Amino acid sequence: MAREAIKVLVLHGPNLNLTGFREPDLYGKKPLEDIDADIKAAAERLGVEVRILQSNHEGVLIDTIQEHRKWADAIVINPGALTHYSIALRDACVSVRMPIVEVHLSNVHAREDFRRHSVIAPVSVGQVVGFGGYGYVLALEAIVNLQTEVL
Ligand code: DQA
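Residues numbered from 1 in each chain as written. Predicted model: local features only at pLDDT ≥ 70, side-chain atom pairs only at ≥ 80, totals over all residues. Heavy atoms only, no water.

## Looking at the overall build of the protein
Put simply, the rule reads: Counting from the N terminus, the helices are DSSP H or I runs at least four residues long and the strands are E runs at least two residues long. C-alpha atoms define the radius of gyration in this analysis, and the globule rule sets the expected value at 2.2 Å times the number of residues to the power 0.38.
In terms of helices and strands, the protein carries six helices and five strands. Overall, the protein shows an N-to-C arrangement of helices and strands of β-α-α-β-α-β-α-β-α-β-α. Taken over the C-alpha trace, the protein has a radius of gyration of 14 Å; the compact-globule value for 151 residues is 15 Å, and the two agree within 12%. Counting only C-alpha atoms, the protein reaches 50 × 30 × 25 Å along its principal axes.

## Some words on the sheet that holds strand 2 (residues 48-54)
Let me state the cut-off plainly: DSSP bridges decide pairing: two strands pair if at least two such bridges lie between them. Every axis in this analysis is a line fitted to C-alpha atoms, fitted for helices over the stretch in contact. Angles between the N-to-C directions lie between 0 and 180 degrees. Whether two residues touch is decided by their heavy atoms; if any such pair falls within 4.5 Å, the residues are in contact.
Strand order across the open sheet formed by five strands is 2-1-3-4-5, with parallel pairing between neighbours. Looking along the sheet, the strands with just one partner apiece sit at the ends: strand 2 and strand 5 (126-129). On average, adjacent strands in this sheet sit at an angle of 20 degrees to one another, irrespective of strand direction. Bridge analysis of strand 3 (residues 74-78) against strand 4 (residues 100-104) gives three bridges, and the strand direction is parallel. Each bridged residue has a counterpart across the sheet, and for V76 the counterpart in strand 4 is V101. Across the sheet, helix 3 (residues 58-67) lies against strand 1 (6-12), strand 2 and strand 3, angled at about 175 degrees from strand 1, the strand it touches most.

## Quick look at the site of the ligand
Let me state the cut-off plainly: Nearness of a residue to a molecule or strand requires only that one of the residue's heavy atoms be within 4 Å of it. N or O atoms within 3.5 Å of each other form a polar contact, as long as, within protein, one can give a hydrogen and the other can take it, and as long as residues adjacent in sequence are counted only when both atoms are side-chain atoms. For the area figures, the Shrake-Rupley method with a 1.4 Å probe applies, and any residue is considered shielded solely by the protein chains shown. Whether a set of points on the 1 Å grid over the protein atoms alone is a cavity depends on a 1.4 Å probe fitting there but being unable to get out, while an open set qualifies as a pocket with protein on both sides within 12 Å along at least five of seven lines; lining residues are those with an atom within 4 Å of a point. Criterion for pocket placement: a molecule counts as inside a cavity or pocket if more than half of its atoms are within 2 Å of its grid points.
In the vicinity of the ligand, the contacting residues are R22, Y27, N78, G80, A81, H84, H104, L105, S106, V108 and R115. Residue H84 places a side-chain N or O atom 2.7 Å away from an oxygen atom belonging to the ligand. Contacts to the ligand include H104, whose side-chain N or O atom sits 2.8 Å from an oxygen atom. Expressed as a share of its isolated accessible area of 320 Å², the protein-covered part of the ligand is 98%. The cavity that encloses the ligand is the largest pocket.

## A look at helix 4 (residues 87-95)
For clarity, the cut-off: The classification of residues rests on relative accessible area computed with a 1.4 Å probe and restricted to protein chains. Under 20% of the type maximum is buried, over 50% is exposed, and intermediate values are partly exposed. By definition, the arc is the one covered by directions from the helix axis to the C-beta atoms.
Buried residues of helix 4: L89, A92 and C93, and no others. Projected onto a plane normal to the axis of helix 4, the buried residues spread over an arc of 100 degrees and lie on a single side. Residues of helix 4 that are buried sit in contact with helix 3, strand 3 and strand 4. Taken from the residues just after helix 4, R97 is the one with a positive phi, measuring 50 degrees.

## Thoughts on unusual backbone geometry
Unlike most non-glycine residues, N15 shows phi in positive territory, near 75 degrees. Its place among the elements puts N15 in the loop between strand 1 and helix 1 (24-27). Since its relative accessible area comes to 38%, N15 is described here as partly exposed. At E23, a position not held by glycine, the phi torsion is positive, near 35 degrees. Locating E23 in the fold gives a position in the loop between strand 1 and helix 1.

Encoded structure:
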């Protein structure tokens, strides 16, 4: 019997709706819609089902994570600035008991000190940082590899 498609929830946090416009030297010139189109194309190629949401609101991100606890097999999240301080978002990630991959468009380790600290990283399988929107594609590939090799 064919294996069911892996289901991945992809979340973009605060200000990522302005990707392409906001600080393009750091975050790239590609608008979020184009990044999302690349994610969908990669998902199709990998046989992964994706749902994608961007929100500027911590509570909406947390609600969405909770609502997908039965649907999703894994979560790819770029929490934006919430990365650095949101214990509530971290607790939501832990609560749903599934692999979390943290993505950042920029190389957060090569920037201000406060961006080097992530409250999400310790509850993630791993981070993909510094590859712009392509980081989400790498994260999807990592999840597929995890599901076939480890889980
Ligand atoms: C970011 C890095 C964060 O420090 C910042 O607050 C963002 C974007 C990134 O994708 O590089 O909003 O998550």
